[in-house]
Amino acid sequence: ELREFDNLFLVAVDATKISPSQTEDRKIPDEEDFSFPERFGVGAVRGATVLEVRDEAGVVLSDPALAYEEGGKPHPKGKRRFLRVALDPAQYAADASGRGSSLGTDVYDTFNLVVRRHGKENNFKAVLETIRGLMRGGAHSMYRSIPSWLMPVLLGYGND
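Nothing here was measured: the structure is a model prediction, and the numbers come from that model. (Residues numbered from 1 in each chain as written. Predicted model: local features only at pLDDT ≥ 70, side-chain atom pairs only at ≥ 80, totals over all residues. Heavy atoms only, no water.)

Caption draft 1: Just the nonpolar core, in detail. Ranked by size, the top nonpolar core spans 7 residues in total: L10, A12, A44, A48, V107, Y108 and F111. Secondary-structure elements contributing two or more residues to this core are β1 (7-13) and β2 (42-54). (Core = buried A, V, L, I, M, F, W, Y, C linked by side-chain atoms within 4.5 Å. Buried < 20%, exposed > 50% of the residue type's maximum accessible area, 1.4 Å probe, protein only. Helix = DSSP H or I, 4+ residues; strand = E, 2+ residues; numbered from the N terminus.)

Structure, rendered in C-alpha cells:
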C-alpha cells in the first residue's frame, strides 16, 4: 500500500526493445551491468516522493482529520488510486531545458512502470537533512548535538 512520503521510481520501459537472447547466461549481475537499460528497454527513470494518495471518490486517504471522523483508518472507495507526487526539481529543470532527456518534459508521458522503494531503505533523505541541519545550526550547535567520539566518523576528520 502506497503512503505519503514513500519514494517511487517512475520508469519508461519499451518492451519491444527487450531481447531474450541478451538476457540469458549473464556472468555479470544486473546491478553491475551497464547494458541493463538497453537489454530490458529502459528508456528513462525519474524519482518522485508521494505527497498524497486519493481514492476513486477523490478523498485523500492520508488525511488525519478523515481518520479521526471515521474512528480509525478510512475505508477507500474503489480499487484505483491517484497519486500526487513531488518530482525531483533539478531533474525536471534539466528535462525542461533539454539537457535531461531528448524528449524534454514529454518524457513524463512515457512512464509506464512505478517502482516503490522499501520503507526501511528510504532513510537517506532523513539522514542527509539531519546532518545538514546540524551543519547549518552554527558552529557551536553541532558540538553540543554530536558526541565527541562520533565527530570524526560523521565529519570525516580526526587524529587517527
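Caption draft 2: Representation of the confidence of the model for the protein chain in the model. Averaged over all residues, the pLDDT of the protein chain equals 78, while 72% of them reach at least 70. Within the protein chain, no element has a lower average pLDDT than helix α1 (residues 20-23), which sits at 59, and none a higher one than strand β3 (residues 82-87), at 92. (pLDDT = per-residue confidence, 0-100.)

Caption draft 3: The arrangement of the sheet that holds β2 in detail. The 4 strands are arranged β3-β2-β1-β4 in an open sheet whose pairing can be described as antiparallel. The open sheet terminates on both sides in strands that have one partner only, identified here as β3 and β4 (113-116). Adjacent strand axes in the sheet meet at a mean angle of 45 degrees when their direction is disregarded. (Pairing = 2+ DSSP bridges. Axes fitted to C-alpha atoms, helices over the stretch in contact; angles between N-to-C directions.)

Caption draft 4: Just a nonpolar patch on the surface, in detail. A surface patch of nonpolar side chains, about 290 Å² in accessible area, is lined by F9, V45, L113 and V115. With respect to the helices and strands, the residue F9 is situated in strand β1. (Patch = residues over 30% accessible without salt bridge, like charges linked within 9 Å, V, L, I, M, F, W, Y side chains within 5 Å. Areas by Shrake-Rupley, 256 points an atom, 1.4 Å probe, with all protein chains shown as cover. Salt bridge = Lys/Arg side-chain N within 4 Å of Asp/Glu carboxyl O.)

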